[in-house]
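Overview (structure and organization)
What follows is the residue order along each chain.
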Amino acid sequence: MGLDKLDLAIIGLYLVGITLFGLRFRKRQRSLRDYFLAGRDIPWWAIALSIVAAETSTLTIISIPGLAYDTNLTFLQVVMGYLVGRFVISFVLLPHYFRGDLYTAYELIERRFGRGLRSLTAGLFLLTRAAAEGVRVYAVSIVVAIALGTGEVASIAIITVLTLIYTFEGGLAAVIWTDVVQTAIYVGGTLIGLVTILHLVPGGWSAIHASAASAGKLQVFDFTPTFWNPYTFWAGVIGGTFFITASHGTDQLIVQRLLAARSLRQSAKALLSSGVVIFFQFALFLIVGVMLWAFYRVPAANFGRADRIYPTFIVTRMPHGISGLLIAAVLAAAMSNLSAALNSLSSSTIMDFFLRFRPQTDEKRRVLVSRLATVCWATVLFGLAVLALQKVGRVVEVGLQIASVAYGALLGVFLLGVLTKRANQRGAMVGMLFGFGVELYLWKWTLVPWTWWVMIGTTVTFVVGYAASFASILAHSDHA
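This section reports on the structure supplied with the text. All values reported here derive from a predicted model rather than from experimental measurement. (Residues numbered from 1 in each chain as written. Predicted model: local features only at pLDDT ≥ 70, side-chain atom pairs only at ≥ 80, totals over all residues. Heavy atoms only, no water.)

1. Observations concerning the overall build of the protein
If you tally the helices and strands in the protein, you get 19 helices and zero strands. Whereas a compact globule of 480 residues would reach a radius of gyration of roughly 23 Å, the protein reaches 22 Å, a difference of no more than 12%. For the protein, the spread of C-alpha atoms along the principal axes amounts to about 80 × 55 × 40 Å. Of all 480 residues assigned to the protein, the portion counted as buried reaches 59%. (Helix = DSSP H or I, 4+ residues; strand = E, 2+ residues; numbered from the N terminus. Rg over C-alpha atoms; globule rule 2.2 N^0.38 Å. Buried < 20%, exposed > 50% of the residue type's maximum accessible area, 1.4 Å probe, protein only.)

2. Structural notes on the nonpolar core
It is characteristic of soluble globular proteins that their nonpolar side chains tend to be buried jointly. Formed by 157 residues in total, the largest nonpolar core has its most connected members in F75, Y82, Y97, L292 and L331. Here this core gets 18 residues from one element, more than from any other, and that element is helix 15 (residues 322-357). (Core = buried A, V, L, I, M, F, W, Y, C linked by side-chain atoms within 4.5 Å.)

3. So, a nonpolar patch on the surface
A cluster of nonpolar side chains, namely F221, F223, W234 and I238, defines an oily patch on the protein surface of about 380 Å² accessible area. Here I238 lies in helix 11 (residues 233-249). (Patch = residues over 30% accessible without salt bridge, like charges linked within 9 Å, V, L, I, M, F, W, Y side chains within 5 Å. Areas by Shrake-Rupley, 256 points an atom, 1.4 Å probe, with all protein chains shown as cover. Salt bridge = Lys/Arg side-chain N within 4 Å of Asp/Glu carboxyl O.)

4. Some words on the packing of aromatic side chains
Within the structure shown, the criterion is met by 25 aromatic pairs. Measuring from centroid to centroid gives 5.2 Å for F233 and W234, while their planes differ by 90°, and the two rings are edge-to-face. Given the relative accessible area of 38%, W234 is considered partly exposed. Taking 4.8 Å as the distance between ring centres and 70° as the angle between the ring planes, the aromatic pair formed by Y296 and F303 counts as edge-to-face. What makes Y296 buried here is its relative accessible area of 16%. The class of F303 is buried, set by a relative accessible area of 14%. Of the aromatic side chains, those joined through ring pairs into one cluster are F75, Y82, Y231, F243, F282, Y407 and W450. (Phe/Tyr/Trp six-rings, centres within 6.5 Å; stacked < 30°, edge-to-face > 60°.)

5. Quick look at the packing of helix 4 (residues 58-70) against helix 15
The interhelical angle for the contact between helix 4 and helix 15, taken along N-to-C directions, is 125°, at an axis separation of 7 Å. Between helix 4 and helix 15, the interaxial angle falls into the category oblique. On helix 15, the residues touching T58, I61 and I62 of helix 4 are A329, V330, A333 and A334. Across the contact of helix 4 with helix 15, the residue classes break down as six nonpolar, one polar and no charged. (Axes fitted to C-alpha atoms, helices over the stretch in contact; angles between N-to-C directions. Parallel < 35°, antiparallel > 145°, perpendicular 65-115°, else oblique. Contact = heavy atoms within 4.5 Å. Nonpolar A, V, L, I, M, F, W, Y, C, P; charged D, E, K, R; others polar.)

6. Quick notes on helix 3 (residues 44-55)
If you check helix 3, its first and last C-alpha atoms are 16 Å apart, about what twelve residues at 1.5 Å a residue would give, namely 16 Å. For helix 3, every residue scored as buried is listed here: A46, I47, A48, S50, I51, V52, A53, A54 and E55. (Expected span 1.5 Å × (residues − 1).)

7. Some thoughts on the environment of E55
Checked against the element boundaries, E55 lands in helix 3. The class for E55 is buried, based on a relative accessible area of 11%. Sequence separation of E55 and I254 is 199 residues, and the distance between their C-alpha atoms is 8.4 Å. In contact with E55, not counting residues within four places along its chain, are T60, Y82, R86, R136, I244, H248, I278 and N337. Among the polar contacts made by the side chain of E55, one reaches the side chain of R86 at a distance of 2.6 Å. (Polar contact = N/O pair within 3.5 Å; in protein donor to acceptor, adjacent residues only side chain to side chain.)

8. Topic: the pattern of salt bridges
Evaluated as defined, the whole model comprises eleven salt bridges. Two residues, R115 and E110, come together in a salt bridge whose shortest N-O distance is 3.4 Å. Taking the shortest distance from any N to any O, the salt bridge between D179 and R257 comes out at 3.2 Å. Of this pair, D179 sits in helix 9 (residues 152-200) while R257 is found in helix 12 (residues 252-259), placing the two residues 78 residues apart along the sequence. Across the pair, R257 and D179 agree in class, each one buried.

9. What about unusual backbone geometry?
Where the residue is not glycine, phi is negative for most of them; where a peptide bond is considered, it is trans in most cases. A positive phi is found at A38, a non-glycine position, where the angle reads about 50°. Looking at where A38 falls in the secondary structure, it is placed in the loop between helix 2 (32-37) and helix 3. Owing to a relative accessible area of 13%, A38 belongs among the buried residues under this scheme.

10. Structural notes on the side chain of Q77
Tracing the sequence through the fold places Q77 in helix 5 (residues 76-92). What makes Q77 buried here is its relative accessible area of 0%. Looking at Q77, its side chain comes within polar contact range of the main-chain oxygen of T74, at 3.0 Å. Within the structure, Q77 has its side chain in polar contact with the backbone nitrogen of F233 (distance 3.1 Å).

11. So, the packing of helix 3 against helix 15
Remark: helix 3 packs on helix 15, axes separated minimally by 7 Å, with the N-to-C direction vectors making an angle of 100°. With respect to their mutual orientation, helix 3 and helix 15 come out roughly perpendicular. Contacts between helix 3 and helix 15 involve A53, A54 and E55 from the former and S336, N337 and A340 from the latter. For the contact of helix 3 with helix 15, a count of residues per class yields three nonpolar, two polar and one charged.

12. Considering the side chain of R257
For R257, a relative accessible area of 0% puts it in the buried group. The contacts of R257, once residues within four sequence positions are left out, are I47, S50, I51, A54, L172, V175, D179 and A340.

Here it is as structure tokens:
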């Protein structure tokens, strides 16, 4: 069928509408507190939906159905770990973030260890967040190229420029409130897609359920005692817990939202409630994948790769109007994720680096430099997304793998800071470098599933960091 004028009109209306909506917040950005923390005046439910949007990218919407098409529902075990991780953050890390007036996660590291380690952790965040985000932006081009017939590079440019406009002007307030609208659009759009697939499969849900159950597609739990499968119960829950504790507790992308809450209690409420929405959402995307399998009944290779199945279905099988809405929904997820990345990369660049060398800069100039940093990062992500065109495989896993490589080292350092009194800056740096090295090795030269990387990296960082701190204390006392 392809898209017609109605679909293109809906997509165009969405792109223009969300950009204009984001621009409404530009007049409120008078200080860095306004630009990076939205004046610490955002209600918990808006932060919760913004966390969900930041956690959901085009990768999630196109890759998770592809994953279920190829396999089953066992990815939900990882999402169960995502829920547990949120409780760990609420009790272990969040209270520390609300002691003092922090703008970034890495200020906490300076307060506990010193400036050197703050620079190291912030630098690692900037590198790995930019790399992971480049892959996510590339995923958008798959959808836009299929839907609009534009080249992949042009597709990346369109989304990057439109997102940059409102993020540049409106700061975190624009990011969070556009996230709320975009979450409603892509969850609503996916529900409409699910109902449409139900009507297209002869026999409806009962036929889908019968064929999927007999093929093992509805399996959620896998208690197989193996280390090498990424989606067993153990790898999912333990790995998912460590992954989310790191991503939501040490990554400026999420921590920035948590810091924008009115109080510690509201922040914890936002974090925990976002977990419930995330579980529902992943279940929804996985079920869509199973239903697509029941509809097509052909190998994923027939589509080129699994990531193309859902976008292809939207464009070729959905009724006009609904297909336009669903493409807009995918773009909504992409733009909310990209705007979050731009604002968090900019905030870490300014707060963790620029202002330490130029502390005398006046408030007006600080906001101007922050906006310029946002433009610079948009250019970097555009370049990385174009480079990612060469990547193959399921993009959701590539994105998660890149993020996982740094998370263990970051989480290990944060835990050394909040759980121990003896760890010092030198020891923590040694531990962090060891942990990061181990994770790079796991990624490049082993078959260890990505779900275990953060746990292994965290453990190595914590143990080596504590031992190195203890050794340096002993050496210092002997020397004395």
